[in-house]
Amino acid sequence: MKKIIYSIAMLSLLMTSCVSDNLDFNDNKDSAYDVPAPTLFANSQKALTDQLTSPSVNEGSIFRYFPQYLAATQYTTESRYRISSRAIADRHWRILYATVLGGLESAKEIIPTEPIPTGASPAVFASQQQNKLAIIEIFEVYTFQILVDSFGNIPYTEAFQSKTNVLPKYDDAATIYTKLITRLDAAIANLDTSNGSFTTGDILYAGNVAKWKLFANSLKVKLGVNLIDKNPTLAKSTIESAYTDGVITTNDDNAVFTYASFAPNYNPIYENLVASNRNDFVPAATIVNAMNTLNDPRRTKYFTPLSTGLYAGGRYGYTNTYTNFSHVNPILTAPNFPSLLMEATEVNFYLAEAAANGFAVGNTAAYYYNAAITASFENWGVADQATTYLAQPSVSFATASGTDEQKIAQQEWIAFYNRGFESWTAYRRLDFPALVAPASAYTEADGEVPKRLTYPINEQTVNGDNYEAAATAIGGDRLKTHIFWDPIIPSL
């Protein structure tokens, strides 16, 4: 049965490199495709992971610049916060809506039509199909949160109604968050860990339902921590219920996207920093200097040393001579270097934030702070140095400078070096570390590190009335406009 349901989504899908466990699935270039649900799911996973992993502003990914992890060698436009020149917002929006969510929506339509295999138990097959739909629902929630955290108000209730409504209204971002939590609860309730799900197409967990349940509860925690300042009651109930049901706390349960070592499915870091034979980036002094101050052993994994053995980063927001500075470590630029969509380091930091706010999550903020850093050291292959690092007065939770949340934020920022979007979100949520816009920043940044992406130019021109309403509702379509969960702190 041929299911070409979301035409824009499928056009985007077929223009990209689909992923399948069968490497010959797209050999026939002349035939129309009957795209199966596992292929759609795999493609959505890859498209989202690529978007969050890529260092290329040409592909609409700017999230290694906002936390000041990379500095430009020649093309400084995006590090100075001009995102319009390469239509970065348009690309980010299109990839998440058309390719990722469009593929997932199409998969949801196909799964109920899949025939039961000969000899299979109808009850077991029905449970497996329900698990598949629940897993897709969880991944949709993950994607929608990224869209809200990128832009604020977005099309939600009227999204994917292309047959009846091609100009969707924008929903209130806070309301979307509430609905996403409700959707997650329903999806978790539909997961049956006694049965399987996808046998192909699930690159993250290979259809392991128990792992997806941990992922879903961890996603609830991720939604909840963003709500702590805005809606502490909902944040508390969301985080505590997720913790009770089980979340990712060890690296064994990380959501790992494993890239291939060959084109077109290798890691986009390799594609942009090695295969392209370009030297457009060096690590930024902002992150390098902070890690130098703490004598952080992860420098040996993040960066390359100079001939002196020291680490030096380029000046953020300005041009830098490539040969004068440390480079991104070849560990990260290997073609098959994996990316993470959820990890123990991340969830333990979120639990530390929750504990610091008095939520019941089984242990103290200090406990989860230590667990998060230890998990990061394990993940980067320096586990044997975690204890010494944590014992430093400048790192120890008991003696490090700042409030509890600032201590957590500083270490989140360091640990999220390869997770630019999550780092940017943590910076906005915790207002730390104290990143400063470069003096060279463009005027549209209003002198600040961006708090959101401005809406796509295409939305302004094609969906103008709804765009204008959304821009007004959020307080202006500016880079400095805060997402709803990021309250503005009054100046003293």
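About the cut-offs
Residues numbered from 1 in each chain as written. Predicted model: local features only at pLDDT ≥ 70, side-chain atom pairs only at ≥ 80, totals over all residues. Heavy atoms only, no water. Salt bridge = Lys/Arg side-chain N within 4 Å of Asp/Glu carboxyl O. Helix = DSSP H or I, 4+ residues; strand = E, 2+ residues; numbered from the N terminus. Buried < 20%, exposed > 50% of the residue type's maximum accessible area, 1.4 Å probe, protein only. Patch = residues over 30% accessible without salt bridge, like charges linked within 9 Å, V, L, I, M, F, W, Y side chains within 5 Å. Areas by Shrake-Rupley, 256 points an atom, 1.4 Å probe, with all protein chains shown as cover. Contact = heavy atoms within 4.5 Å. Axes fitted to C-alpha atoms, helices over the stretch in contact; angles between N-to-C directions. Parallel < 35°, antiparallel > 145°, perpendicular 65-115°, else oblique. Left-handed = near helix turned anticlockwise from the far one by under 90°. Nonpolar A, V, L, I, M, F, W, Y, C, P; charged D, E, K, R; others polar. Polar contact = N/O pair within 3.5 Å; in protein donor to acceptor, adjacent residues only side chain to side chain. Arc of directions from axis to C-beta. pLDDT = per-residue confidence, 0-100. Phe/Tyr/Trp six-rings, centres within 6.5 Å; stacked < 30°, edge-to-face > 60°. Lys NZ or Arg CZ within 6 Å of the ring centre and 35° of its normal.

Some remarks on the pattern of salt bridges
Evaluation of the coordinates by the stated rule reveals 23 salt bridges. Close ionic contact of Glu412 with Arg429 constitutes a salt bridge, the shortest N to O distance being 3.5 Å. Separated by 17 residues along the polypeptide, Glu412 in helix α14 (residues 404-415) and Arg429 in helix α15 (residues 420-430) bring together distant segments of the chain. No difference in accessibility class separates Glu412 from Arg429, as the two residues are buried.

A closer look at a nonpolar patch on the surface
Together, Val166, Leu167 and Val462 line one region of the surface with nonpolar side chains, adding up to about 270 Å² of accessible area. Here Val462 shows up in helix α16 (residues 457-462).

Thoughts on the side chain of Gln392
One can find Gln392 in the loop between α13 (386-391) and α14. Setting aside anything within four residues of it in sequence, one finds Gln392 in contact with Leu294, Asn295 and Thr399.

A closer look at the packing of helix α11 (residues 344-356) against helix α12 (residues 365-379)
Close contact between α11 and α12 brings their axes to 8 Å; oriented N to C, the two are set at 165°. As summarised for this structure, α11 and α12 are arranged roughly antiparallel, according to the angle between their axes. Of the two possible hands of crossing, α11 and α12 adopt the one that is left-handed. Residue-level inspection shows Ala344, Thr345, Asn348, Phe349, Leu351, Ala352, Ala355 and Ala356 of α11 in contact with α12, the latter providing Ala365, Tyr368, Tyr369, Ala371, Ala372, Ile373, Ala375 and Ser376. By residue class, the composition of the contact of α11 with α12 is 13 nonpolar, three polar and no charged.

Structural notes on the packing of α14 against α15
Helix-helix packing is characterised by the crossing angle of the two axes and by the distance between the axes. Taken N-terminus to C-terminus, the directions of α14 and α15 make an angle of 165°; their axes are 10 Å apart at the nearest point. Taken together, the axes of α14 and α15 lie roughly antiparallel to each other. Every pair of crossing elements has a handedness; the one defined by α14 and α15 is left-handed. Seen from α14, the contacting residues are Glu405, Ala409, Glu412 and Trp413; seen from α15, they are Ser423, Ala426, Arg429 and Leu430. Here the residues of the contact of α14 with α15 sort into four nonpolar, one polar and three charged.

As for the environment of Gln68
Relative to the elements of secondary structure, Gln68 occurs in the loop between α2 (37-53) and β1 (70-72). Using a relative accessible area of 3% as the deciding quantity, one classes Gln68 as buried. With 367 residues separating them along the chain, Gln68 and Leu435 place their C-alpha atoms 7.8 Å apart. When sequence neighbours within four positions are dropped, the list of residues in contact with Gln68 reads Tyr81, Ala284, Thr286, Ile287, Tyr316, Leu435, Val436 and Val449. Here Thr286 takes part through its side chain, which lies 3.1 Å from a polar atom of the side chain of Gln68.

Focus: helix α17 (residues 464-473)
Within the span of α17, buried status applies to Tyr467, Ala470 and Ala471. One side of α17 holds all its buried residues, which, seen down the axis, span an arc of 100°. Those residues of α17 that are exposed and aimed more than 90 degrees away from the buried face are Asp465, Thr472 and Ala473. Tucked inside the fold, the buried residues of α17 contact α16. The positive-phi residue at the C-terminal boundary of α17 is Gly475, with phi of around 95°.

A closer look at unusual backbone geometry
Most peptide bonds take the trans configuration, and most residues that are not glycine carry a negative phi. In this model, Ala263 is joined to Pro264 through a cis peptide bond whose omega is 0°. Structurally, Pro264 is set in the loop between β2 (255-257) and α8 (268-275). A cis geometry characterises the amide bond from Phe432 onward to Pro433, with omega recorded as 0°. With respect to the secondary-structure elements, Pro433 resides in the loop between α15 and α16. One non-glycine residue with positive phi stands out, namely Asp431, at about 55°. With respect to the helices and strands, Asp431 occurs in the loop between α15 and α16. The phi dihedral of Asp446 is positive, around 55°, even though this residue is not glycine. Structurally, Asp446 is set in the loop between α15 and α16.

Here's the deal with the confidence of the model for the chain
Per-chain confidence: the chain averages 93 in pLDDT, with 93% of residues scoring 70 or above. Low confidence marks residues 1-32, where pLDDT is under 50. Its contacts with residues over four positions away, or in another chain, come to 55 contacts.

Brief notes about the packing of aromatic side chains
On inspection of all chains with the given rule, the structure shows 41 aromatic pairs. Taking the centre distance of 5.9 Å and the plane angle of 65° together, the rings of Phe66 and Tyr81 count as edge-to-face. Placement of the pair is Phe66 in the loop between α2 and β1 and Tyr81 in the loop between β1 and α3 (88-110), with a sequence separation of 15 residues. Each of the two residues, Phe66 as well as Tyr81, counts as buried. Between the aromatic rings of Tyr177 and Phe484, the centroid separation amounts to 5.1 Å while the plane-to-plane angle is 80°, which identifies the pairing as edge-to-face. Here Tyr177 is found in helix α5 (residues 173-190), whereas its partner Phe484 is found in the segment after α17, with 307 residues between them in sequence. With a relative accessible area of 0%, Tyr177 lands in the buried category. Put simply, the rings of Trp93, Tyr97, Phe144, Phe151, Tyr156, Phe160, Tyr170, Tyr455 and Tyr467 pair up and form one aromatic cluster. Against the face of Tyr442 rests Arg80, its NZ or CZ located 4.3 Å from the ring centre. The ring of Trp424 has Arg428 sitting right over it, with the charged end atom 3.6 Å from the ring centre.

Some points on the environment of Ala375
You can see Ala375 is positioned in helix α12. The exposure class of Ala375 is buried, given its relative accessible area of 4%. In this view, Ala375 contacts Asn251, Ala344 and Thr345; residues no more than four positions away in its chain are not counted.

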